[in-house]
Amino acid sequence: MTYVTHTGDDRPARFGFIVSKQVGTAVARNTIRRRLKAICAEALPSVRVGADVVIRALPSSAGTDFQSLRAEVRRSLEKKAS
């Protein structure tokens with residue numbers, strides 16, 4: 001799930017991540033968080049200036065491979081944060 005707020009500030013977009021214990025063990029949660037950070041770093045140039053983006057990882061994301069997770073996050077960012 002992705003939430004986006006456009007602040008109108010003249011600064012790069014900011015990202016926040018919510019990865020609850022429902023996703024899995026600490027190792028699984030940190031893996032998902034690192035993957036999300038890498039994907040968002042790639043997508044930063046395409047996100048609107050001044051946007052605040054919060055991505056909530058659902059429990060099903062623990063079993064998702066990197067390419068599928070990247071495709072889902074990019075699709076969501078194109079829809080909401082461009």
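First things first, this report covers the structure right here in the doc. These numbers were taken from a predicted model, which means no experiment stands behind them.

A closer look at the pairing of strand 2 (residues 14-19)
And step 1. Direction of pairing for strand 2 relative to strand 3 (residues 51-57): parallel, over a ladder of six bridges. Opposite Ile 18, over in strand 3, you have Arg 56 as the bridge partner.
And step 2. You can see the chain leave strand 2, run along helix 1 (residues 26-43) and come back into strand 3, and the turn it takes is left-handed.

Overview of the sheet that holds strand 3
And step 1. Taken in spatial order, the three strands make up an open sheet running 1-3-2, and their pairing is mixed. Each edge of the open sheet carries a strand with a single partner, namely strand 1 (2-6) and strand 2. For this sheet, the mean angle separating the axes of adjacent strands, direction not counted, is 15°.
And step 2. Alignment of strand 1 against strand 3, held across five bridges, turns out to be antiparallel. When the sheet's bridge partners are listed, Val 4 is paired in strand 3 with Val 53.
And step 3. Each of strand 2 and strand 3 is contacted by helix 1, which is oriented at about 160° to strand 2, the strand it contacts most.
And step 4. Strand contacts of helix 2 (residues 66-80): strand 1, strand 2 and strand 3, with the helix running at about 30° to strand 1, the strand carrying the most contacts.

Here we look at the layout of surface pockets
And step 1. In this structure, the largest pocket spans a volume of roughly 300 Å³.
And step 2. In this structure, the largest pocket is lined by 19 residues; those nearest its centre are Met 1, Arg 56, Leu 58, Leu 69 and Glu 72.
And step 3. Put simply, the parts of the chain that give the lining of the largest pocket at least two residues each are helix 1, strand 3 and helix 2.
And step 4. Among the elements that line the lining of the largest pocket, the one with the most residues is helix 2, at eight residues.

About the cut-offs
Residues numbered from 1 in each chain as written. Predicted model: local features only at pLDDT ≥ 70, side-chain atom pairs only at ≥ 80, totals over all residues. Heavy atoms only, no water. Pairing = 2+ DSSP bridges. Helix = DSSP H or I, 4+ residues; strand = E, 2+ residues; numbered from the N terminus. Right-handed = clockwise from strand over helix to strand, strands pointing away. Axes fitted to C-alpha atoms, helices over the stretch in contact; angles between N-to-C directions. Contact = heavy atoms within 4.5 Å. 1 Å grid on protein atoms, 1.4 Å probe; cavity = no way out; pocket = protein on both sides within 12 Å on 5 of 7 lines; lining within 4 Å. Points joined across faces, edges and corners; volume = space filled by probe spheres on them.

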